[in-house]
Amino acid sequence: MDLKIYKQLTLLLLVSFGFMGQSHAQSTPIFDQLKARFNAGEVYKGKFDHTYQDSYTEEITRTDGTIWINAVGYKLESNQQKIVVDGEISQVYDGSRNRVIISEYEAEEDDFAPSRMLSGIDDTYTATEEQIGNGRTKITLITTDDFAAFITVEIEVSAQLLPLTITAYDIADNVITTTFSDGAFIENDSSIFEFTHPEDAEIVDMRY
């Protein structure tokens, strides 16, 4: 997973799942139920297929892997890469370079900081909810903020409150879609979000 795809997926997850955690957001009953599960300490685990379609060239970039999400962060494993974000620190292992990059999220310096993305979501996005059959629900987030990462985000959730797809459209009409499969909520375990890497990996600590 290259850096561009990582940022796209990170932003998409922050907007979609972060919206659920905003107490002042114009949320929906489904969001409220999902928020309750995360707040209860449950972890969502599922396989994902992430695609980015360029509206100009129509080129499609794809990556897949496994994701774990809890109330404050997430872990991604894809091919030779592993990413663990705990809400404050990001740790990324690139197997092709045998390198670990550690960085803090500084809202003033990092456009992709969770604190920066999550602040304002409740003020700029509004949510609507509709039933689309087979117990599924589609939630649509729309913003009129020209500086938002995504203008529209559509989230499909199963009757069991499992995310099925997240589709986002940015200001340039590029389409970013993440499809989930084999999803389930599991009990939290500190070992889930442990970050491991080969002992001989190069460590690049951007915090200092």
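Residues numbered from 1 in each chain as written. Predicted model: local features only at pLDDT ≥ 70, side-chain atom pairs only at ≥ 80, totals over all residues. Heavy atoms only, no water.

Draft legend 1. Quick peek at the environment of Gly 65. Assignment of secondary structure puts Gly 65 in strand S2 (residues 60-69). Assessed through its relative accessible area of 15%, Gly 65 is described here as buried. When the C-alpha positions of Gly 65 and Lys 47 are compared, they lie 5.7 Å apart, and in sequence the two are 18 residues distant. Ignoring anything within four residues of it in the chain, the contact list for Gly 65 reads Gly 46, Lys 47, Phe 48, Glu 77 and Ser 78. (Helix = DSSP H or I, 4+ residues; strand = E, 2+ residues; numbered from the N terminus. Buried < 20%, exposed > 50% of the residue type's maximum accessible area, 1.4 Å probe, protein only. Contact = heavy atoms within 4.5 Å.)

Draft legend 2. Here's a closer look at the packing of aromatic side chains. Evaluation of the coordinates by the stated rule reveals three aromatic pairs. Summarising the aromatic geometry, the rings of Phe 38 and Phe 185 are spaced 5.6 Å apart at their centres and angled 70° between planes, so their arrangement reads as edge-to-face. With a gap of 147 residues between them, Phe 38 in helix H2 (residues 29-39) and Phe 185 in strand S11 (residues 175-186) connect regions that are remote in the sequence. Accessibility assignment for this pair places Phe 38 and Phe 185 in one class, buried. Put simply, the rings of Phe 38, Tyr 44, Phe 180 and Phe 185 pair up and form one aromatic cluster. In this structure, Lys 75 packs its charged tip against the face of Trp 68, placed 4.4 Å from the ring centre. (Phe/Tyr/Trp six-rings, centres within 6.5 Å; stacked < 30°, edge-to-face > 60°. Lys NZ or Arg CZ within 6 Å of the ring centre and 35° of its normal.)

Taken by themselves, the reported measurements are silent on function.
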